[in-house]
Amino acid sequence: MRVVTTAQPRTESLDVQPTPLALLLLGREADPRSERGVECPGDLPSPSDPDLVDRARAAKERLGEKVFILGHHYQRDEVIQFADVTGDSFKLARDAAARPEAEYIVFCGVHFMAESADILTTDDQKVVLPDLAAGCSMADMATAEQVAECWDVLTEAGIAERVVPVSYMNSSADIKAFTGKHGGTICTSSNAKRALDWAFEQGEQVLFLPDQHLGRNTAVRDLGMSLDDCVVYNPHRPGGGLTKEQLRAAKMILWRGHCSVHGRFSLDSVRDVRERIPGVQVLVHPECKHEVVAAADQVGSTEYIIKALDAAPAGSAWAIGTELNLVRRLAAAHPDKEIVFLDRTVCFCSTMNRIDLPHLVWTLESLADGTLVNRIQVDRETESFAKLALERMLALP
């Protein structure tokens, strides 16, 4: 369960019982179990205000060392310019934990990232998300209720005691806690192979949450499994849409979840860019579909992509399959290389892009005035089991 402190607490009640995947009106109604659909804060500065940059800078200077701003790689440039550190979700959470003197951790990312920062920081630190509607569709695809039901299905199939859950960092605190409680570990896109190696030392099968593509790609590319070793558990179908025999025979039980951005890239995208740019190197994130990963020249995490382009020779051409803000930033940083977005259709991460300059200004000015807004706080029990899962990841060889 999450505890959220907002500037203006909501008092009205919902007319209907929300569902985990309910489509909620932006700024109205809320599903506290969801990564999205929570109300926006109060009055924001106008996005056309020409003084926004100066206001953000002034508020940050007023706060001084009391504030530490984290910026995920997929954030807008207008926000990234104020970040004290940039990185992927886990790196940023660890960076926050390494700054115990900072009273406020302003996380420019999405909800699950702020939760992870709250889990890893001290009780005296307050983690703030500039826009509470900045969620993650992938994280929303696995709710605590659905995963508990899945575990019941595995128990009925007689395999739960030999299944080890491995959850991607891109999951809610509830799912991380489930993972910790059931003897599993968390992974990132960088260490997924190590996490799976560890899991198969503990048990015979893995339940991989919530991104099916990262789980499948790691199992097949890095562990040498076949596609037939993997089955997909669909939480919207009875028994996950699988027979007990299928569950018992599988090595990897993949949750039916995906990233809305990386899932857009297709085999046609790869073929098209190769026709347009002779000699292009296709570099994609492992959250992409298996056929896209199989057709790419290189596959790696966000940090891997950044390092690969830093090391690439001048004059080389690259098509990158990851979020557009990062691709544009990399292209600007390497004018001596041709760097393009893998898909012809431009696609930002819509929830990442909810953190804009007006929200950041509102947050920093509120904190500078002594008003705590949009605090993300994980309850103690959830935190303890989620932290256990994270600590298992940190202990991976």
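Residues numbered from 1 in each chain as written. Predicted model: local features only at pLDDT ≥ 70, side-chain atom pairs only at ≥ 80, totals over all residues. Heavy atoms only, no water.

### Describing the sheet that holds strand E11 (residues 281–284)
Where strands meet in a sheet, backbone hydrogen bonds hold them as pairs that are either parallel or antiparallel. Spatial ordering of the open sheet is given by E12-E11-E13-E14, a layout of four strands whose pairing is parallel. The two strands at the open ends of the sheet, each matched to only one other strand, are strand E12 (298–299) and strand E14 (338–341). Pairing of E11 with E12 involves two bridges; the strand directions are parallel. Among the inter-strand pairings, Leu283 is bridged to a residue of E12, identified as Gln298. Sheet strands touched by helix H14 (residues 324–333): strand E13 (317–321) and E14. Its angle to E14, the strand with the most contacts, is close to 165 degrees. (Pairing = 2+ DSSP bridges. Helix = DSSP H or I, 4+ residues; strand = E, 2+ residues; numbered from the N terminus. Contact = heavy atoms within 4.5 Å. Axes fitted to C-alpha atoms, helices over the stretch in contact; angles between N-to-C directions.)

### Considering the sheet that holds strand E6 (residues 163–168)
In spatial order, the strands read E7-E6-E8-E10-E9; together these five strands make up an open sheet with parallel pairing. A single partner strand is all that each edge strand has here, and the edge strands are strand E7 (185–187) and strand E9 (230–233). In this sheet, adjacent strand axes meet at a mean angle of 25 degrees when their direction is disregarded. Two elements, E6 and E7, share three bridges in a ladder whose sense is parallel. Note on E7: the bridge partner recorded for Ser167 is Ile186. Contacting E6, E7 and strand E8 (205–209), helix H7 (residues 173–181) runs over the sheet at an angle of about 150 degrees to E6.

### Considerations on the packing of helix H4 (residues 111–120) against helix H16 (residues 380–394)
Running from amino to carboxyl end, H4 crosses H16 at an angle of 90 degrees, the nearest separation of the two axes being 10 Å. The orientation of H4 relative to H16 falls into the category roughly perpendicular. Each of Asp118, Ile119 and Leu120 in H4 lies in contact with H16, whose residues at this interface are Glu383, Ala386, Lys387 and Leu390. Class assignment of the residues belonging to the contact of H4 with H16 gives a composition of four nonpolar, no polar and three charged. (Parallel < 35°, antiparallel > 145°, perpendicular 65-115°, else oblique. Nonpolar A, V, L, I, M, F, W, Y, C, P; charged D, E, K, R; others polar.)

### Here we look at the pattern of salt bridges
Counting across every chain of the model gives 19 salt bridges. Between Arg276 and Asp272 there is a salt bridge whose closest N-O contact spans 2.7 Å. With Arg276 and Asp272 both in helix H11 (residues 267–276), this residue pair falls four residues apart, about one helical turn. Through salt bridges with shared partners, a single network forms among Asp49, Arg55 and Glu365. (Salt bridge = Lys/Arg side-chain N within 4 Å of Asp/Glu carboxyl O.)

### With respect to the environment of Ser189
By the element assignment, Ser189 lies in the loop between E7 and helix H8 (192–202). With 114 residues separating them in the primary sequence, Ser189 and Glu303 have C-alpha atoms 9.4 Å apart. Not counting residues up to four positions away in its chain, the partners in contact with Ser189 are Tyr168, Leu214, His285, Pro286 and Ser301.

### What to know about the environment of Asp124
Among the secondary structure elements, Asp124 is positioned in the loop between H4 and strand E5 (126–128). Along the chain, Asp124 and Pro100 lie 24 residues apart, while their C-alpha atoms are 8.4 Å from each other.

### A closer look at the packing of aromatic side chains
Under the definition given, this model contains three aromatic pairs. A ring pair is formed by Tyr233 and Trp255, whose centres lie 5.3 Å apart and whose planes are at 25 degrees; its orientation type is stacked. Remark: Trp255 occurs in strand E10 (residues 252–255) and Tyr233 occurs in strand E9; sequence separation between them is 22 residues. You can call Tyr233 buried: its relative accessible area is 2%. The ring of Phe68 has Arg99 lying over it, and the distance from NZ or CZ to the ring centre is 4.2 Å. Positioned above the aromatic ring of Phe385, the side-chain terminus of Lys181 is 4.9 Å from the ring centre. (Phe/Tyr/Trp six-rings, centres within 6.5 Å; stacked < 30°, edge-to-face > 60°. Buried < 20%, exposed > 50% of the residue type's maximum accessible area, 1.4 Å probe, protein only. Lys NZ or Arg CZ within 6 Å of the ring centre and 35° of its normal.)

### A look at the packing of H7 against H16
Between H7 and H16, whose axes approach to 7 Å, the crossing angle comes to 65 degrees. Here H16 runs roughly perpendicular to H7, going by the angle between their axes. Crossing handedness for the pair H7 and H16: left-handed. Facing Ala173, Asp174, Lys176, Ala177, Thr179, Gly180 and Lys181 of H7, the residues of H16 in contact are Glu381, Thr382, Phe385, Ala386, Leu388, Ala389 and Arg392. Along the lines of polarity and charge, the residues of the contact of H7 with H16 split into six nonpolar, three polar and five charged. (Left-handed = near helix turned anticlockwise from the far one by under 90°.)

### Thoughts on the nonpolar core
The tendency in soluble globular proteins is for nonpolar side chains to be buried as a group. Val106, Phe208, Met252, Val282, Val284 and Leu342 are the most contacted members of the largest nonpolar core, which totals 103 residues. The element best represented in this core is H4, accounting for six residues. Ranked by size, the runner-up nonpolar core spans 21 residues in total, among them Val147, Ile159, Val231 and Trp255. (Core = buried A, V, L, I, M, F, W, Y, C linked by side-chain atoms within 4.5 Å.)

Read these as spatial facts, not as claims about activity.
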